[in-house]
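Structural features, examined
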Amino acid sequence: MAYIQSSGILYHGRRMLGSRLRSGTQKGISLASGAADAADADAIGRAIREGYERRTGGSAAQYARGARALAGGTTGNLRHFHPYPLYCSSGSGSRMTDVDGNVYVDCFLCNGPLLLGHGHPAIVEAMRQHESMGSLILNPPLATDLAEEIQRCMPSAERIRFLNSGTEAVLTAVRLARAFTGKDKIVKFLGHYHGQDDQFLVGLDPTGKSFSSGIPPSATSTSIQVSYDDTEALIAALDGNPDVAAIILDPAMHAGGLWGSSTEYLRAVREAASARGVILIFDEVITGFRLSLGGAQAVHGVMPDLATYAKALGAGEKLAAVAGREDLMQALDPDRPSTRAAVYQSGTGNDGTYALAAGLAAVRCYRDLDVGGGYQALIARAERLAQGMRVAFSRRGVPCHVNQLGPMLQLFLSDAKPGFEAFSRVPSGPLALFYLAMINEGILLSLPTSNHVYLSFAHSDEDVAQILEKVATVLDRYDFRAVIRAADEASPRSESKANPLIHGRLR
Ligand code: PMP
């Protein structure tokens, strides 16, 4: 049982090619000493990086240019990987094309927003139809149109406020909770990500540490970190802190490894929150419209007081929302004298025409897909992909655990007992190398700095078959067992490696 208060309290409850091609090594046979593994792993790493460099000269040139103008050569840390980032020129459906003209089956989907795939005709058409409206006008009725659609889909969405990013939606939800309760502290869970605000840039791994410089201790002094799926730890944290305003959680536990949530646990969290007058916030930035039309709340039948949405909501446009109980949301209504608390929230771009038009078209698409069995088909496809991967790795004796939740997957190249704590200590280098090797085969399964694999409604059975064929190609060509062993030897599993932005540099 464990919990951490940022001010200090923790509540826890073989032989391959020298450029080595695979040559019939078998599961269970000990092949090489640590030194031989390291030599093999180096050769494999070199071969994969050289393969990448051969196909992506245009990206290398873009990086050289970009690094002189953009901080880090890209527009976000996650987009940056070694030896240099991939620069893309267009996307269509399930495919994305890089600046060298290489086409990829895209399962990264720019970290999830493109649940309908690239350039979905309904989204493109909706934006085209609104061209003459102007990109930003005062109080467009379009915002109400979209809010009404969200009310239909999301069981807990009694009132809605639109914003531009998931980070802003989380900030607003937390401010509402603090205003409503008059309390300050927020319970967040280890392995849960909630955007870029200082107070939440802690505890992606079990240590609970902050994962960015520039965060003053005062910024995280109201954040209490608790182990997920541990009801006792949560109760201890709540009972030890009568000044908790809210509990926030990502029902997918996406950043911490896609471990998801059990309905039983969510019910226990709901009960613990209600019993103490604590506001329960579901951060559905990942799960909203993705696990089901009604998000995780509909899948589990557990209602949060407030929920946040982004990513799939805007289908690639900058759009987010905070939505929830009317009595809480009315704190944002300047006209309601009965309001216990008056909360400020305003954003210059909160009602951008294209974002709202895209969001409206996207939510209508999701509703149609839901009626037509589209979600079942998508999730069945993801299950086939996950199962196909498990078989491909296990046939070749390469340790791999695949988590799959709805249309999302995450891979762990390890034989450790599956779980957040154990897997956060698994070196991330071999997986980064695997993703780079997949890029060389025309499959952007995930970025080497990430572990997020998504299927969209645009992916077909043929795409899944192609991905699995290339997984087999990569595993047959390179001995990932040696890569994994070498990484394990080089880096004992005592220290957490969960955050690839810090630990997972591809060498
Ligand atoms: N919450 C969750 C669960 C997320 O996954 C993310 C983004 N990955 C955010 C919040 C922040 O969203 P944004 O990047 O739009 O600010």
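Coordinates for the structure precede this section.
Residues numbered from 1 in each chain as written. Predicted model: local features only at pLDDT ≥ 70, side-chain atom pairs only at ≥ 80, totals over all residues. Heavy atoms only, no water.

**With respect to the site of the ligand**
Taken together, S165, G166, T167, Y193, H194, G195, D250, D283, V285, I286 and K311 form the complete shell of residues around the ligand. With respect to the ligand, the backbone of G166 contributes an N or O atom lying 2.8 Å from an oxygen atom. Residue T167 places a side-chain N or O atom 2.6 Å away from an oxygen atom belonging to the ligand. Considered on its own, the ligand offers 390 Å² of accessible surface; in the complex 84% of this is hidden by protein. Partitioning the shell around the ligand into residue classes produces three nonpolar, five polar and three charged. (Near = heavy atom within 4 Å. Polar contact = N/O pair within 3.5 Å; in protein donor to acceptor, adjacent residues only side chain to side chain. Areas by Shrake-Rupley, 256 points an atom, 1.4 Å probe, with all protein chains shown as cover. Nonpolar A, V, L, I, M, F, W, Y, C, P; charged D, E, K, R; others polar.)

**Section: the sheet that holds strand 3 (residues 88–92)**
Spatially, 3-4-5-15 is the arrangement adopted by the four strands of the open sheet, whose pairing is mixed. With partners counted over all chains shown, the strands left at the sheet margins are strand 3 and strand 15 (443–444), one partner each. Here three bridges tie strand 4 (residues 95–98) to strand 5 (residues 103–106), and the two strands are oriented antiparallel to one another. Within strand 5, the position partnered with T97 by the bridge is V103. (Pairing = 2+ DSSP bridges. Helix = DSSP H or I, 4+ residues; strand = E, 2+ residues; numbered from the N terminus.)

**What to know about the sheet that holds strand 13 (residues 401–405)**
Strands sit in the order 13-14-16 across an open sheet of three strands; the sheet is antiparallel. In this open sheet, the two edge strands, each paired with only one partner strand, are strand 13 and strand 16 (453–454). Summarising the sheet, strand 13 and strand 14 (residues 408–412) pair through five bridges and their orientation is antiparallel. Across the sheet, residue V402 finds its bridge partner in strand 14, namely L411.

**What to know about the environment of G406**
Locating G406 in the fold gives a position in the loop between strand 13 and strand 14. Considering only alpha carbons, one finds G406 and A380, 26 residues apart in sequence, at a separation of 8.4 Å. Sequence-distant contacts of G406, that is, excluding residues within four places in its chain, are made with L291, I379 and A382. (Contact = heavy atoms within 4.5 Å.)

**A look at the packing of aromatic side chains**
The geometry of an aromatic ring pair comes down to the distance between the two centres and the angle between the two planes. For the coordinates displayed, the defined rule picks out 16 aromatic pairs. Relative to F412, the ring of W259 lies with its centre 5.7 Å away and its plane at 20°, an arrangement referred to as stacked. One end of the pair, W259, is in the loop between strand 9 (244–249) and helix 8 (263–275); the other, F412, is in strand 14, with 153 residues separating them in the sequence. Judged by its relative accessible area of 10%, F412 falls in the buried class. One aromatic cluster is present, formed by F289, Y309, Y366, Y375 and F457 through successive ring pairs. (Phe/Tyr/Trp six-rings, centres within 6.5 Å; stacked < 30°, edge-to-face > 60°. Buried < 20%, exposed > 50% of the residue type's maximum accessible area, 1.4 Å probe, protein only.)

Note that every value here comes from positions in space, so none of it alone points to a role or purpose.
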